Amino acid sequence: GGTPVEALVDGSNLFAAQAAVSALNRMGDQVSVQVLYNPELKTSWVMIPAIIGLILTFIGTIVTSIGMVRERQTGTLEQLAVMPIRPSQVILGKITPYFIVAAADMVIVTVLGILLFDVPFNGSPLAFGLGAGLFLFVVLGLGVFISTISQNAGQAIQTAFFFLLPQILLSGMIFPLDAMAAGVRWIGYLLPLTYFTMISQGI
């Protein structure tokens, strides 16, 4: 009959938090449960930030790789190669439109997530933009890499999915990294989407 013990639960780890709250609630009045970061344990608060990263990954890997392969097939890159332009400038010029499209999509999805699903944006917009910009450069680089090892659009799509599916399954977007076996978890820490998901969910 004493004062109940206050239990703090990290709501950002949704699945673990749901299990913990359920277990603590069974203890009755002995425990007072307080959920941090996601008080109502809403799935949208966890999934929408991760979906932003997934959309950027799709654009960066699949769209960029297909576009670059088609540029090579039509001979555009060969024509640019004979001009007095550095190769790095050619590639930068080619990926800039994809960067702008992906950045615009990111803004749209972020705003819709906030307005339609009431996902809070508590962190710094500058930090979010910087993290998203770095992440975009990485996935666009993956797209360029895929285009260089692919001979046609079909190969580019298949190779892009080879890079994409592990990021969906092992980045912590669907399944928490803590719940994965140690032999698989290290793969998750090699994936760029893992870190962007942490950034976007935290902000």
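Our subject is the structure listed above.
For clarity, every value in this text was computed on a predicted model and none was experimentally measured.

Caption draft 1: Highlighting the environment of Val82. Structurally, the position occupied by Val82 is in the loop between helix H3 (76–81) and helix H4 (87–117). Judged by relative accessible area, which is 73%, Val82 ranks as exposed. When the C-alpha atoms of Val82 and Gly202 are compared, they prove to be 47 Å apart, with 120 residues separating the residues in sequence.

Caption draft 2: Structural context of unusual backbone geometry. One non-glycine residue with positive phi stands out, namely Tyr37, at about 75°. For Tyr37, the position within the fold is in the loop between strand E2 (31–36) and helix H2 (43–74). We note that Asp118 has phi near 55°; this positive angle belongs to a residue other than glycine. Its place among the elements puts Asp118 in the loop between H4 and helix H5 (125–149).

Caption draft 3: Region of the structure containing the side chain of Asn38. Assignment of secondary structure puts Asn38 in the loop between E2 and H2. Given the relative accessible area of 1%, Asn38 is considered buried. The residues touching Asn38, leaving out its near neighbours within four places in the chain, are Gly11, Leu14, Trp45 and Val46.

Caption draft 4: Here's a closer look at the packing of H2 against helix H8 (residues 192–202). The interhelical angle for the contact between H2 and H8, taken along N-to-C directions, is 140°, at an axis separation of 8 Å. By the criterion of interaxial angle, the relationship of H2 to H8 is oblique. Where H2 crosses over H8, the two elements pack in a sense that is right-handed. Contacts between H2 and H8 involve Val46, Pro49, Ala50, Ile52, Gly53, Leu54, Leu56 and Thr57 from the first element and Leu193, Phe196, Thr197, Ser200 and Gln201 from the second. By residue class, the composition of the contact of H2 with H8 is eight nonpolar, five polar and no charged.

Caption draft 5: Looking closely at helix H1 (residues 14–25). Taking 1.5 Å as the rise per residue, H1 with twelve residues should run 16 Å; its terminal C-alpha atoms sit 16 Å apart, in good agreement. Within H1 the residues assigned to the buried category are Leu14, Ala17, Val21 and Leu24. The buried residues of H1 all sit within an arc of 95° when viewed along its axis, so they share a single face. For H1, the elements touching its buried residues are strand E1 (5–10), E2 and H2.

Caption draft 6: Fine view of a nonpolar patch on the surface. On the surface, Val107, Ile108, Val111, Leu112, Ile114, Leu115, Leu116, Phe117 and Phe121 cluster together into a nonpolar patch covering about 800 Å² of accessible area. Among the structural elements, Leu116 can be located in helix H4. A residue is classified by how much of its surface remains accessible, and Leu116, at 59% relative accessible area, is exposed.

Caption draft 7: Representation of the pattern of salt bridges within the structure. Across all of its chains, the model carries two salt bridges by this definition. With its nearest N and O atoms 3.7 Å apart, the salt bridge here joins Lys42 to Glu40. Glu40 gets classed as exposed once you look at its relative accessible area, which sits at 62%. Measuring nitrogen to oxygen at the nearest pair gives 3.2 Å for the salt bridge that ties Glu71 to Lys94.

Caption draft 8: Molecular detail of the nonpolar core. Grouped together as the largest cluster of nonpolar side chains are 14 residues, with contacts concentrated most on Ile52, Leu56, Met106, Phe128, Phe135 and Phe196. For this core, the secondary structure elements donating two or more residues are H2, H4, H5 and H8. For Ile52, the contacting residues outside a window of four places in its chain are Met106, Val109, Thr110, Phe128 and Phe196. By size, the runner-up hydrophobic cluster in this structure holds twelve residues, among which are Ala156, Ala160, Ile168 and Met173.

What counts as what
Residues numbered from 1 in each chain as written. Predicted model: local features only at pLDDT ≥ 70, side-chain atom pairs only at ≥ 80, totals over all residues. Heavy atoms only, no water. Helix = DSSP H or I, 4+ residues; strand = E, 2+ residues; numbered from the N terminus. Buried < 20%, exposed > 50% of the residue type's maximum accessible area, 1.4 Å probe, protein only. Contact = heavy atoms within 4.5 Å. Axes fitted to C-alpha atoms, helices over the stretch in contact; angles between N-to-C directions. Parallel < 35°, antiparallel > 145°, perpendicular 65-115°, else oblique. Left-handed = near helix turned anticlockwise from the far one by under 90°. Nonpolar A, V, L, I, M, F, W, Y, C, P; charged D, E, K, R; others polar. Expected span 1.5 Å × (residues − 1). Arc of directions from axis to C-beta. Patch = residues over 30% accessible without salt bridge, like charges linked within 9 Å, V, L, I, M, F, W, Y side chains within 5 Å. Areas by Shrake-Rupley, 256 points an atom, 1.4 Å probe, with all protein chains shown as cover. Salt bridge = Lys/Arg side-chain N within 4 Å of Asp/Glu carboxyl O. Core = buried A, V, L, I, M, F, W, Y, C linked by side-chain atoms within 4.5 Å.

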